[in-house]
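Results of the structural survey
Here is what each chain is made of, one letter per residue.
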Amino acid sequence: MIPSLLIANRGEIARRIIRTAKRLGVRAIAVYSEADSGAPFVREADAAVLIGPPPAAQSYLLGAEILRAAKRTGAAAIHPGYGFLSENAAFAEAVIEAGLTWVGPPPSAIRAMGLKDAAKRLMAEAGVPVTPGYLGDDQSEAKLASEAAAIGWPVLIKAVAGGGGKGMRKVEKAEDFIAALASCRREAAASFGDDKVLLEKYIDHPRHIEVQVFADAHGNAVHLFERDCSLQRRHQKVIEEAPAPGMTAETRAAICGAAVRAAQAVNYRGAGTIEFIADGSDGLKPDRIWFMEMNTRLQVEHPVTEAVTGLDLVEWQLRVASGEPLPLTQSEIGLNGWAMEARLYAEDPASGFLPSIGPLTHFKLPTDIRVDSAVEQGGEVTPFYDPMIAKLIVHAPARAAAAARLVDSCRAVEVWPVKTNAAFLARCAADPDFVAARIDTGFIEARLDRLVPDGTPSASVLAAAAASRVAASGGDASPWSALTGFRINAPPSNRFWLNLAGAERTVELDAASPPPPRSVLKLHGQTVVFEDGLAYAFSDEAAVAGAAQAKGDGQIRSPMPGKIVQAPVAVGEAVTKGQVLVVLEAMKMEHALTAPADGVLAELRVKLGDQVSEGVVLARLAEAV
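Presented here is a report on the structure given in the accompanying data block. (Residues numbered from 1 in each chain as written. Predicted model: local features only at pLDDT ≥ 70, side-chain atom pairs only at ≥ 80, totals over all residues. Heavy atoms only, no water.)

A few words on the overall build of the protein. From N to C terminus, the protein includes 18 helices and 36 strands. Over its C-alpha atoms the protein spans a radius of gyration of 28 Å, differing by no more than 12% from the 25 Å that the globule rule assigns to 625 residues. The dimensions of the protein, computed from C-alpha atoms along their principal axes, are 85 × 55 × 55 Å. For the protein, the residues scored as buried account for 53% of the 625 residues in total. Counting only contacts in the protein whose residues sit at least 6 apart along the sequence, the fraction spanning at least 24 positions is 64%. Total accessible area on the protein stands at roughly 25800 Å², and carbon and sulfur atoms take up 52% of it. Mean positive and mean negative side-chain charge positions of the protein (63 and 74 charges, respectively) differ by 1 Å. (Helix = DSSP H or I, 4+ residues; strand = E, 2+ residues; numbered from the N terminus. Rg over C-alpha atoms; globule rule 2.2 N^0.38 Å. Buried < 20%, exposed > 50% of the residue type's maximum accessible area, 1.4 Å probe, protein only. Contact = heavy atoms within 4.5 Å. Areas by Shrake-Rupley, 256 points an atom, 1.4 Å probe, with all protein chains shown as cover. Lys, Arg positive; Asp, Glu negative; His and termini not counted. Charge placed at Lys NZ, Arg CZ, Asp CG, Glu CD.)

The structure is reproduced here in structure tokens:
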């Protein structure tokens, strides 16, 4: 076994590799950017080396810096994780030339599978079924348009060097082809430095099915069964599962056998994934599944394979890289139960899935399942890297039970003030069509309206917010036990008015029917209630009637989550328009909040060092007397 390992990655995959390395007695070394100096993976490693500023191009993508860190720390091997330099053949060669062990496939295999057109030709020669299409060198518009028409509409244009959905366009009819081709080429050139494309027949009801393969230096190659990754949004995987629903023994034998042949065709070594596209319109048939591409690395979704096989894929990687044969033969690898993984992103589905950044004032994930997390409470989501902050992995004896457990787990997520897709994930896993396995890669797009929560709070949420306000104001912490709205000569009233995003919400508390308990967080000027993966933030201020009043009410609100670093004006002091009242630090930058008009600082609700959420009232101006 290699004695020490440098992990050329960050976040949850770095933590995942560190866990296995420590269990095996391997010294784990991390590299990190300035943005990750306080990240959990840095603290958990046996040693850590700063390699550059936050942007990946100045840190995690600098192979020379990573090699210097390996030399400085005495690392014997480098594990690239996924993303960044994991499929960079030149970096793999540099690692080997430096006398270090590369925990990954040979550079020749990375190159062979790196270009989609060359990979498809190679797979066809190896007897692996490939999607009908055009892989030629003639890249003229006329030739590509002619080939597209011959394939038949719709067709898919794909960048040969592409990945992650970039440089890909579906074209429905001939008159749209040239414009789509130009767009695809621009994106491919910008993303990969190569605007060459290939054409594929677009498959109706496509299913994305992939097979986990492993090979060693002794001529052994096996598969660890398949995964279904059909639930995608904009070609990015959202929920993955193993095994694939509807997979027959005949089809499994065909697809897994093809995957092993693909690995053998490039003299593969280590962990790899062969991705296939399947026509799911009439079940999974052996003759309706085609090779798409190979990922020459560990996949984000590898935990579902670990769950159904009971194996540690990172351990297998380290053993193979150390020169050992595969730990098991094909007949010794079993399939047990059903596993699903949901990718928890820091993003706001209600705002078009825009990324959400800022401090993690509150970060609570379920504790009864496997969670691979990149962050912890008190940390920060920065704008420099992928917004995936955790993976929720469940395992159960059967698919329906696994889906139900995933729903419960996603609903249990509590994060604030950063927004997440937890409620969206829960709705995906609970959707009747998903439960019935009526899935394809267009599943989410076709049902987006019902999968994205509209943000309307339930009666239980409103009641929990009202109860918290009563308790915070010194009233009975349980308003259900006492009369809170007694009025002379009138029926008692337990009605409360709440401010949710500036809009008034009314709730009437029923002493006879207390609502189910809800997790409630009290922050500066806000009451946050969590329910089913969503967070509802109620302002302690009364809701205003309209925009004009809101602009002229003298309230200074935080435009984003951040930390108070300056408050130079004291309550009662006169201020002039444009004078700085509070300085907020967010994302390593300072944001000065100024007086909108002349007046007097009537109220200051924060102090230096306070962490505040977006939209919180920080100060209030009054007219000068």
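Turning our attention to the environment of Asp204. Following the sequence through the fold, Asp204 ends up in the loop between strand S9 (197-201) and strand S10 (206-215). It is 26 Å that separates the C-alpha atoms of Asp204 and Arg343, two residues lying 139 residues apart in sequence.

This brings us to the packing of aromatic side chains. For the structure shown, the criterion picks out eight aromatic pairs. Where Phe214 meets Trp316, the ring centres are 5.2 Å apart and the plane angle is 70°; that geometry is what we call edge-to-face. With Phe214 in strand S10 and Trp316 in helix H11 (residues 313-321), this residue pair connects regions lying 102 residues apart in the sequence. In this structure Phe214 comes out as buried when scored by relative accessible area, which is 1%. Taking the relative accessible area as the measure of exposure, Trp316 reaches 4% and is therefore buried. Judged by centre distance (5.1 Å) and plane angle (80°), the ring pair of Phe353 and Phe424 falls under edge-to-face. Of this pair, Phe353 sits in the loop between strand S16 (347-348) and strand S17 (354-355) while Phe424 sits in helix H13 (residues 422-430), and the two are 71 residues apart along the sequence. Each member of the pair Phe353 and Phe424 is classed as buried. Ring pairing ties together the aromatic residues Tyr60, Phe84, Phe384 and Tyr385, which thus form one cluster. When the ring centre of Phe353 is taken as reference, the NZ or CZ atom of Arg233 above it lies at 3.8 Å. (Phe/Tyr/Trp six-rings, centres within 6.5 Å; stacked < 30°, edge-to-face > 60°. Lys NZ or Arg CZ within 6 Å of the ring centre and 35° of its normal.)

Before going further, it helps to spend a moment on the side chain of Ser59. As for its placement among the helices and strands, Ser59 is situated in the loop between strand S3 (47-52) and helix H3 (63-73). Among the polar contacts listed, one links the side chain of Ser59 to the backbone oxygen of Pro53, at a separation of 3.2 Å. Those residues within four positions of Ser59 in sequence are excluded, and the remaining contacts are Ser33, Ile51, Gly52, Pro53, Pro54 and Tyr385. (Polar contact = N/O pair within 3.5 Å; in protein donor to acceptor, adjacent residues only side chain to side chain.)

Take empty space enclosed by the protein next. Applying the stated criterion to the full structure yields one cavity of 30 Å³ or more. The calculated volume of the largest cavity comes to roughly 40 Å³. Surrounding the largest cavity, His79, Pro80, Gly81, Ser86, Val103, Gly104, Pro105, Thr296, Arg297, Leu298 and Gln317 form its lining. For the lining of the largest cavity, the residue count by class is four nonpolar, six polar and one charged. (1 Å grid on protein atoms, 1.4 Å probe; cavity = no way out; pocket = protein on both sides within 12 Å on 5 of 7 lines; lining within 4 Å. Points joined across faces, edges and corners; volume = space filled by probe spheres on them. Nonpolar A, V, L, I, M, F, W, Y, C, P; charged D, E, K, R; others polar.)

This next bit is on the sheet that holds S9. With respect to topology, four strands assemble into an open sheet ordered S6-S9-S7-S8, the strand pairing being antiparallel. Each end of this open sheet is capped by a strand with a single partner; those strands are strand S6 (133-134) and strand S8 (168-171). Bridging between strand S7 (residues 155-159) and S9 involves five bridges; their strand directions are antiparallel. Across the sheet, residue Val155 finds its bridge partner in S9, namely Lys201. Helix-sheet contacts for helix H6 (residues 116-125) involve S7 and S9, and the interaxial angle to S9 is about 55°. (Pairing = 2+ DSSP bridges. Axes fitted to C-alpha atoms, helices over the stretch in contact; angles between N-to-C directions.)

Time to look at the nonpolar core. Counting residues in each nonpolar core, the largest one holds 61 residues, and the members touching the most others are Leu5, Leu6, Phe41, Ile78 and Phe214. Ile78 has contacts with Leu5, Leu6, Ala8, Ile66, Leu67, Ala70, Phe91, Val95, Leu100, Thr101, Trp102 and Val103, leaving out every residue within four places of it along the chain. In terms of nonpolar packing, the next biggest core, distinct from the first, is built from 41 residues, Trp338, Ala402, Leu406 and Ala422 among them. (Core = buried A, V, L, I, M, F, W, Y, C linked by side-chain atoms within 4.5 Å.)

Bringing helix H10 (residues 302-309) into the picture now. Most of H10 is tucked away, with seven of its eight residues classed as buried. Two residues or fewer past H10, Gly310 is found with a positive phi of approximately 75°.

Such coordinate-based values are descriptive only and should not be taken to indicate function.
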